[in-house]
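These are the residues of each chain, in order.
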Amino acid sequence: MWKGRDVISSRDFTRHDLEELFDVAKQMERYAKSRVELLKGKIMGVAFFEPSTRTRLSFEVAMKRLGGDVIGFSGAEGTSVEKGETLADTIRMLDAYSDIIVIRHKYEGAAKLAAEIAESPVINGGDGAFNHPTQAMLDVYTIWREFGYVDGLNIGIVGDLRHARTVNSLLETLVNFDVRVFLISPEYLRPRAETIDYIQSRGMKYSFHNGLEEVIHELDVVYVVRIQKERFLDPLEYEKVKGSYKITLDVLKNAKTNLIILHPLPRVDEIDHKVDATPYAKYFKQAALGVPLRMALIYLILAGP
Ligand code: NCD
């Protein structure tokens, strides 16, 4: 059941929820470049306090393709809306003017706070370094669309596993499937202890690795994230790990033929542009699937069963 729900943390969604979402998203694919008047008269309020390209645009396009409208803003960085109390007032305003709210914020917990204040459903478009649940839904949807299933796959996650909120949410989403996860990063960039505790409590199979080369031949999916420079508390730690991995054609020479490479984007230097031309590269397709996936999400929350 999706109707009226907030989307704050990936932990709140079951395998059944995800399968229902994916089925509807697949049906939405045929309208992702046209229009279907399912949400005529409904308004989405977007409050993006942190930079975004894909998440904001795909949410806005999704709402418009469904026949709805969008209000809101992006880039209130440095203004008084960053203060806790004013965030609450901004959310109250959006709540009064719209039927569903999407928020992105640099502080962990901002989306939860918004959900407590607003009567309308609130969707977390990424807050702080920990949660980005709709990106994870999109990531697993892309895997499901590419393979036709998720169970049984070997999934390598490469990069800044500590500060990338997409990684935490992806792991919290993948616990619903029978996958094996290879966590590939310098030791300092391994996921936070609370993430590891959670996946362990859910019985997920996982292992740590320093380099992609040692496991590439086993993987069905390689999920890459950039080093999240802006989230390092200590710039010296960033200097130590920056540029510590790069996916090149050479790294991929022992890859399975049907390997897929995903990336939530933006990419900085962690995937060589030469990889874009290989059949492994699915990150632009993944970004495009953000529209039907988010159409399904908004539709189910506002008008679902
Ligand atoms: C990510 C984010 O904002 O967390 N981008 C996205 O939403 N697709 C990933 C990132 O910034 O590295």
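Residues numbered from 1 in each chain as written. Predicted model: local features only at pLDDT ≥ 70, side-chain atom pairs only at ≥ 80, totals over all residues. Heavy atoms only, no water.

Looking up the protein in an unreviewed UniProt entry gives the name Aspartate carbamoyltransferase, with the organism given as Pyrobaculum aerophilum. For the protein, the Sequence similarities (unreviewed entry) comment in UniProt is given as "Belongs to the aspartate/ornithine carbamoyltransferase superfamily. ATCase family." Per UniProt, the protein has the following entry under Subunit (unreviewed entry): "Heterooligomer of catalytic and regulatory chains." (UniProt positions renumbered as here; feature names shortened; annotations may be inferred.)

A separate point is the sheet that holds strand 3 (residues 100-105). With respect to topology, 4 strands assemble into an open sheet ordered 2-1-3-4, the strand pairing being parallel. In the strand order of this sheet, the two ends are held by strand 2 (69-74) and strand 4 (122-127), each with one partner. The average angle at which neighbouring strand axes cross in this sheet is 10°, direction not considered. When strand 3 meets strand 4, the two strands line up parallel, connected through 4 bridges. For Val102, the partnering residue across the bridge sits in strand 4 and is Ile123. (Pairing = 2+ DSSP bridges. Helix = DSSP H or I, 4+ residues; strand = E, 2+ residues; numbered from the N terminus. Axes fitted to C-alpha atoms, helices over the stretch in contact; angles between N-to-C directions.)

Here we take up a nonpolar patch on the surface. Together, Ile71, Met93 and Tyr97 make up a nonpolar patch on the protein surface, roughly 290 Å² of accessible area in all. Along the chain, the position of Ile71 falls in strand 2. On the basis of relative accessibility, which here comes to 31%, the residue Ile71 falls in the partly exposed class. (Patch = residues over 30% accessible without salt bridge, like charges linked within 9 Å, V, L, I, M, F, W, Y side chains within 5 Å. Areas by Shrake-Rupley, 256 points an atom, 1.4 Å probe, with all protein chains shown as cover. Salt bridge = Lys/Arg side-chain N within 4 Å of Asp/Glu carboxyl O. Buried < 20%, exposed > 50% of the residue type's maximum accessible area, 1.4 Å probe, protein only.)

The next subject is helix 4 (residues 110-117). For helix 4, the complete set of buried residues consists of Ala110, Ala111, Ala114 and Ala115. Along the axis of helix 4, the buried residues cluster in a sector spanning 135°; they form a single face. (Arc of directions from axis to C-beta.)

Right, let's talk about the UniProt feature "binding site: L-aspartate" (unreviewed entry) in the protein for a bit. Taking the UniProt record as the reference, the feature "binding site: L-aspartate" (unreviewed entry) is found at Lys83, Arg165 and Arg226. Among all residues touching Arg165, those that are not within four sequence positions of it are Glu50, Arg104, His105, Gly126, Asp127, Gly128, Ala129, Phe130, Asn131, His132 and Arg231. With respect to the helices and strands, Arg226 occurs in the loop between strand 8 (221-224) and helix 8 (235-241). Taking relative accessible area as the criterion, Arg226 reaches 16% and is therefore assigned buried. When sequence neighbours within four positions are dropped, the list of residues in contact with Arg226 reads Asp160, Tyr245, His263, Pro266, Val268 and Glu270. (Contact = heavy atoms within 4.5 Å.)

Turning to the pattern of salt bridges, a few remarks are in order. A complete count under the given rule lists 23 salt bridges for this structure. For Lys285, the salt bridge identified is with Glu146, shortest N-O distance 2.7 Å. Of the two residues, Lys285 sits in helix 9 (residues 283-303) while Glu146 sits in helix 5 (residues 133-147), which places them 139 residues apart along the sequence. The class for Glu146 is partly exposed, based on a relative accessible area of 24%. For Glu237, the salt bridge identified is with Lys240, shortest N-O distance 3.4 Å. A residue pair is termed a helical-turn pair when its members lie 3 or 4 positions apart in one helix, as Glu237 and Lys240 do in helix 8 at 3 residues. Owing to a relative accessible area of 63%, Lys240 belongs among the exposed residues under this scheme.

This part covers the site of the ligand. Every residue lining the ligand is accounted for by Thr55, Arg104, His132, Gln135, Arg165, Thr166, Arg226, Gln228, Pro264, Leu265 and Pro266. Gln135 places a side-chain nitrogen or oxygen 3.2 Å from a nitrogen atom of the ligand. At 3.0 Å, a backbone N or O of Leu265 approaches a nitrogen atom of the ligand. Of the residues contributing to the shell around the ligand, the split by class is 3 nonpolar, 5 polar and 3 charged. (Near = heavy atom within 4 Å. Polar contact = N/O pair within 3.5 Å; in protein donor to acceptor, adjacent residues only side chain to side chain. Nonpolar A, V, L, I, M, F, W, Y, C, P; charged D, E, K, R; others polar.)

For the rest of this paragraph, the subject is the pairing of strand 5 (residues 154-158). Where burial is concerned, most of strand 5 is hidden: 5 out of the 5 residues are buried. Neither face of strand 5 is exposed, since Asn154, Gly156 and Val158 on one face and Ile155 and Ile157 on the opposite face are all buried. Bridge count between strand 5 and strand 6 (residues 180-184): 5 bridges; the pairing is parallel. Along strand 6, the bridge assignment pairs Val158 with Ile184. Handedness of the strand 5-helix 6 (residues 165-174)-strand 6 crossover: right-handed. As paired strands, strand 5 and strand 8 are joined by 4 bridges and run parallel to one another. The residue bridging Gly156 from the neighbouring strand is Val222, located in strand 8. (Right-handed = clockwise from strand over helix to strand, strands pointing away.)

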